[in-house]
Amino acid sequence: MRRTILFCGLTFLVGLFLGLFFHTWFPTVKDVAPTAPMAEIDTPVSAIPPIPTATAPQASPEPSSAQEPVLSDNRRLLNLSLEVLDVLRARDYGALAAYVHTSGVRFTPYSTVDFSQDLVLTSSQIAEGASDTQTYTWGAEDGSGTPLTLTIPDYFARFVYNADYTEAPRIGINQVIQSGNALENVTEAYPDGQFVDFNFSRLDPDRQGMDWCSLKLVFLPDQGELKLAGIIHGQWTV
């Protein structure tokens, strides 16, 4: 009996010693801090800029000589577009005619350039736009598909200068700023053209962006100059 008690006591002491030993040198899972998951990065590591330090401030890079012609061309294109916008805002059809390409200007009411439906007007037709009472078919109504038949002033009020684009908060130079259900094919339709996109992401905050609109002015080379070849209206469509 005494031997049995002694054996049990020794077993308990050995077990206690081993437990303390393994807990000290081999912590249990609950003692190990969980490893945070890696975030997915879709940017190549080589493209991620280094983080600047306080002792080494980053100097602003100066534009290279290769960038200067591009910036200069963009400024000219933007200035030309702003000139056209001023004319459109004034509804000065005579002045607008001076900017029109010799092949005419194509009007696209819903973003997607369609050579089979979009109406093309010559500079002389534009010049007489204010007094022209004739109705033209400019394509088809969004949703219903019925012919879009309007006079030049009525079309301009609805699908050209429907907002004051001189106050557009977002401007894209050869870049589409916003798109909806309609196909944005300006670059395919005018492969040799340049354009400026004037965009309002919304006009009425209560409509939650369902009234966004844009105006793209497309220019093509014409006898050494850029001339207006396309006016593309974009908006929310069903």
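Attention here is on the structure that accompanies the text.

1. Describing the environment of Gln125
Tracing the backbone through its elements, the reader meets Gln125 in helix α4 (residues 123–127). Here Gln125 falls in the partly exposed class, since its relative accessible area comes to 28%. Residues Gln125 and Gly104, 21 residues apart in the sequence, show an inter-C-alpha distance of 9.2 Å.

2. Thoughts on unusual backbone geometry
Of note, the phi angle at Arg91 is positive, near 55 degrees, even though the residue is not glycine. Considering the arrangement of structural elements, one finds Arg91 in the loop between α2 (67–89) and α3 (93–97). The residue Ser111 is not glycine, and still its phi comes out positive at about 70 degrees. Here Ser111 shows up in the loop between β1 (105–108) and β2 (119–121).

3. What to know about the sheet that holds β2
Taken together, 6 strands build an open sheet; the order of strands is β2-β1-β8-β7-β6-β5 and the sheet is mixed. The open sheet is flanked by β2 and β5 (170–173), the only strands paired with a single partner. With direction set aside, neighbouring strand axes in the sheet form an average angle of 20 degrees. Inspection of the sheet shows strand β6 (residues 194–200) paired to strand β7 (residues 213–222) by 7 bridges, in the antiparallel sense. Counted as the bridge partner of Gln194 is Phe219 from β7.

4. Notes on the pattern of salt bridges
The full count for this structure, using the stated rule, is 4 salt bridges. A salt bridge links Asp73 to Arg76; its shortest N-O distance comes to 2.3 Å. Of this pair, Asp73 and Arg76 are both found in helix α2, 3 residues apart, which corresponds to roughly one turn of the helix. Of the charged contacts in the structure, one is a salt bridge between Arg158 and Glu141, with a shortest N-O distance of 2.9 Å. You can see Arg158 sitting in helix α5 (residues 152–160) and its partner Glu141 sitting in the loop between β3 (136–140) and β4 (147–150), a full 17 residues away along the chain.

How each quantity is defined
- Residues numbered from 1 in each chain as written.
- Predicted model: local features only at pLDDT ≥ 70, side-chain atom pairs only at ≥ 80, totals over all residues.
- Heavy atoms only, no water.
- Helix = DSSP H or I, 4+ residues; strand = E, 2+ residues; numbered from the N terminus.
- Buried < 20%, exposed > 50% of the residue type's maximum accessible area, 1.4 Å probe, protein only.
- Pairing = 2+ DSSP bridges.
- Axes fitted to C-alpha atoms, helices over the stretch in contact; angles between N-to-C directions.
- Salt bridge = Lys/Arg side-chain N within 4 Å of Asp/Glu carboxyl O.

Everything listed here is a matter of coordinates, which is why it stays silent on function.
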